[in-house]
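# A look at the structure
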Amino acid sequence: MLDRLPLTSIAREYGTPIYVYSASSIRRQAARLMQSLGTIGSLHYAVKANSNPALLALVFSMGIGADTVSRREIQAALDAGCPADRIIFSGVGKTPEELAFALEHDIFINAESEEELAAIALLRRGTHVGIRINPGVDARTHQYLTTGMDENKFGIPVDAAPDAFRLAIDAGLVPDTISCHIGSQIMSLEPYRKSLARLLELRDSLMSDGIPVSRLDLGGGFGINYGEGTDFAVEDLRALLRRDVPKGMKLSFEPGRYIAGHAGTLVTQVLYRKCYTRTFVVVDAGMNDLIRPALYQAHHTILPVTRRDAELIPCDIVGPVCESADCFAQDVPLPLPEQGDLLAICDTGAYGWSMSSTYNSRPLLPEVLIEDGEPALIRERGL
Ligand code: LLP
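Residues numbered from 1 in each chain as written. Predicted model: local features only at pLDDT ≥ 70, side-chain atom pairs only at ≥ 80, totals over all residues. Heavy atoms only, no water.

With that settled, the discussion passes to the domain arrangement of the protein chain. Split by domain assignment, the protein chain resolves into domain 1 (7-19 + 261-379) and domain 2 (23-260). For domain 1 and domain 2, the distance between their C-alpha centres works out to 32 Å. Taken residue by residue, the interface counts 23 residues in domain 1 and 24 residues in domain 2. Summing both sides of the interface, domain 1 and domain 2 together bury roughly 2,000 Å²; the carbon and sulfur share of this comes to 52%. (Domains from an automatic or database assignment. Contact = heavy atoms within 4.5 Å. Buried area = accessible area lost by both parts, 1.4 Å probe.)

Turning our eyes to something else, we now look at the packing of aromatic side chains. For any pair of aromatic rings, the description rests on two quantities: the centre-to-centre distance and the angle between the ring planes. Considering all chains together, one arrives at 5 aromatic pairs under this definition. Each ring, one from Tyr-19 and one from Tyr-21, has its centre 6.2 Å from the other, and the planes form 10 degrees; the classification is stacked. A single burial state applies to Tyr-19 and to Tyr-21, both of which are buried. Between Tyr-192 and Phe-232, the aromatic rings sit 5.2 Å apart at their centres with planes inclined by 50 degrees, giving tilted as the arrangement. Of this pair, Tyr-192 sits in helix H8 (residues 190-208) while Phe-232 sits in the loop between strand E9 (215-217) and helix H9 (234-244), placing them 40 residues apart in sequence. For the residue pair Tyr-192 and Phe-232, the accessibility class agrees, reading buried in each case. Looking at Arg-379, its charged tip hangs above the ring of Trp-353, at a distance of 3.7 Å from the centre. (Phe/Tyr/Trp six-rings, centres within 6.5 Å; stacked < 30°, edge-to-face > 60°. Buried < 20%, exposed > 50% of the residue type's maximum accessible area, 1.4 Å probe, protein only. Helix = DSSP H or I, 4+ residues; strand = E, 2+ residues; numbered from the N terminus. Lys NZ or Arg CZ within 6 Å of the ring centre and 35° of its normal.)

A few words on the site of the ligand. Near the ligand lie 17 residues; those nearest to it are Ser-184, Glu-254, Arg-292, Tyr-296 and Tyr-351. A distance of 3.2 Å is found between an oxygen atom of the ligand and a side-chain nitrogen or oxygen belonging to Lys-48. The contact in question runs from a nitrogen atom of the ligand to an N or O atom on the side chain of Tyr-296, over 2.7 Å. Burial of the ligand by the protein chains amounts to 90% of its free accessible area of 580 Å². Residues belonging to the shell around the ligand are distributed by class as follows: 6 nonpolar, 5 polar and 6 charged. Two domains each donate at least three residues to the shell around the ligand, and these are domain 1 (7-19 + 261-379) and domain 2 (23-260). (Near = heavy atom within 4 Å. Polar contact = N/O pair within 3.5 Å; in protein donor to acceptor, adjacent residues only side chain to side chain. Areas by Shrake-Rupley, 256 points an atom, 1.4 Å probe, with all protein chains shown as cover. Nonpolar A, V, L, I, M, F, W, Y, C, P; charged D, E, K, R; others polar.)

And the structure:
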């Protein structure tokens, strides 16, 4: 069941594999953020987590802005009703065309290098910009999900930041924001505490050089519980910020996963079983539809939709793609599913569909949004 609607009826009506989203989950997660961080700063949903237009419209209708990383994400945010003045343009490799497009729409840019600052100044002097700092902090997450360490390509090292601010001013820009995003799926407060300390130190040294900073953009990264446990405690971050951030300083946040992650379920159907040394359950969804387990060894709870009363045996849930990495989970204790049974791969609303590909010439999946107990097809299956 998802929001009182049986997944079997959705699978029957629209076919499998399919992504199914719960609007009430998105509302719940967004509301928790608005009640905590939203009271001390502005929220900008990281569109890359899930850019389905219907989901974007839902998020923006709650008054949340957008964090974007490409021209098409900016366009998607505008099309879904996000006002331009609530859109942030981030990213380490923005093209001159993308920068020009953002400036034409008066969209705020977080620059990530001195050369990018020069490119912005060439297009429009007087522009207010943010400068993304790499604070050199370990976010204690998967190595592919850290972005704030010396070996990561993102931002400008904190020691080089004063020169970058000076360069921006000399080029005719107004760098009034320090931005930072230290990684994703972060579960503890400590990395935020450390990076905040570095940002505030930088802000003080800029102030004493006569460079006023009016905003800190702390990025996103708030982790969610993919099985046991709880989500990142956004309330604790709020308490830290209320205590440590000087009065009058504006704050921004760019959560993606926290808003969309729990909302999605990937519903897949069992094609074949192969029971030898291991028990393989071959399903119709593949790593091209959900790459997180293959790429980050990410855990997603897998539940049987079709109930069976049989002893639990450890099953490897694998897809049809011609790669050994095409495995969603190993040793999942399940009553051996029958052919045609449905399985639910949980918490796949963020970085699920948005990272999918057509590898093996497989079509992109359809998406359904359940709102008030009613399903709506919000993306057709690819051809
Ligand atoms: N702001 C910036 C500048 C970002 O690069 C990101 C994510 C976010 C905000 C939002 O982060 P979130 O709140 O969603 O953690 N594909 C990976 C996650 C990559 C995140 C990339 N940047 C995954 O599936 O876990």
